[in-house]
Amino acid sequence: MKIGIQLYSVREALKEDFKGTLEKLNELGFQGVEFAFSYGGMEAGELAEFLKKQDIRTIGIYERLSNICDPDAEVYRQANALECKYLTFGFSPKELEEDFCGCLDTCSKAVEIAESKGKVLCYHAHAHEFAKINGKYQLDLLLEIPGLMFEADTCWIQQGGEDVVGYMEKYADRIPLLHVKDVTAEGKITELGNGVIDFAEVVKFASKHNIPWLSYEQDTTELTALKSAEISISYIKQLRIQTSE
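Below is a short write-up of the structure. (Residues numbered from 1 in each chain as written. Predicted model: local features only at pLDDT ≥ 70, side-chain atom pairs only at ≥ 80, totals over all residues. Heavy atoms only, no water.)

Another aspect to go through is the packing of aromatic side chains. By the definition in use, this model includes 12 aromatic pairs. On the basis of an interplanar angle of 75° and a centroid distance of 5.7 Å, the ring pair of Phe150 and Tyr171 is categorised as edge-to-face. Residue Phe150 is located in strand 8 (residues 149-153), and its partner Tyr171 is located in the loop between helix 10 (164-169) and strand 9 (177-180); the two are separated by 21 residues in the primary sequence. Ring-pair connections join several aromatic residues into one group, and the members of that group are Phe130, Tyr137, Phe150, Tyr167 and Tyr171. Sitting over the ring of Tyr8, Arg11 keeps its end group 3.8 Å from the ring centre. In this structure, Lys117 packs its charged tip against the face of Tyr76, placed 5.6 Å from the ring centre. (Phe/Tyr/Trp six-rings, centres within 6.5 Å; stacked < 30°, edge-to-face > 60°. Helix = DSSP H or I, 4+ residues; strand = E, 2+ residues; numbered from the N terminus. Lys NZ or Arg CZ within 6 Å of the ring centre and 35° of its normal.)

Sheet strands line up and pair through hydrogen bonds in the backbone, either parallel or antiparallel. The parallel closed barrel is built from 8 strands, whose spatial order is 1-2-3-4-5-8-9-12. If you compare each strand with its neighbour and ignore which way they point, the axes differ by 30° on average. Sheet topology note: the strand 1 (residues 2-6)/strand 2 (residues 32-36) ladder contains 3 bridges and is parallel. Note that in strand 2 the partner of Ile5 across the bridge is Val33. Contacts between helix 11 (residues 199-208) and the sheet are confined to strand 9 and strand 12 (213-216), with strand 9 contributing the most and set at about 170° to the helix. (Pairing = 2+ DSSP bridges. Axes fitted to C-alpha atoms, helices over the stretch in contact; angles between N-to-C directions. Contact = heavy atoms within 4.5 Å.)

Next up, the structure:
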């Protein structure tokens, strides 16, 4: 079980110093990164070489579904150069509310196109997909699509009103990337270990099911993003050690 980071967590630091921020993340112990729309202005080959020198793997790329549905889109060139298997995406509340059936159809098409390019598509859910249609969560209906994998997010499952580990158990064999994100009782995103989520149980779940990547993500923080990342990775590293003992 390795530890990665969704680079959205350090987006402002990346704008100031892209390479330096990645080097710092490597020093903190992050072994993989997920990109989200920005590659630091670097060409795919250059970025791949830089990450290789840092011994950092690209574990996911978050992308707009319209681009994933285009077999000639830049995301596939980047994914190939970075040796990235997983593409991730999510629908907005408005998209799901206005045309849920259309979302299902587009998602099915995207799965097929991604597979034709040698990639696996993962749905990254937020809390709003726990809205129900005819008594079933929108998220459960989306995950009925053949071939679609699940990028679970601990915070958003909890905010959706579900037991985090209990819900993930339903899809344990379809979670290649697991976002670890903490939240307070008041619903405020915080550093890992400072909120209400039982990450000891999350780590045990990941270990039990051989989930390869725990991917840290923090949307907002009152600290600097890198300090926040330092606190969180230290916490999850310690839990990982305790689980393996």
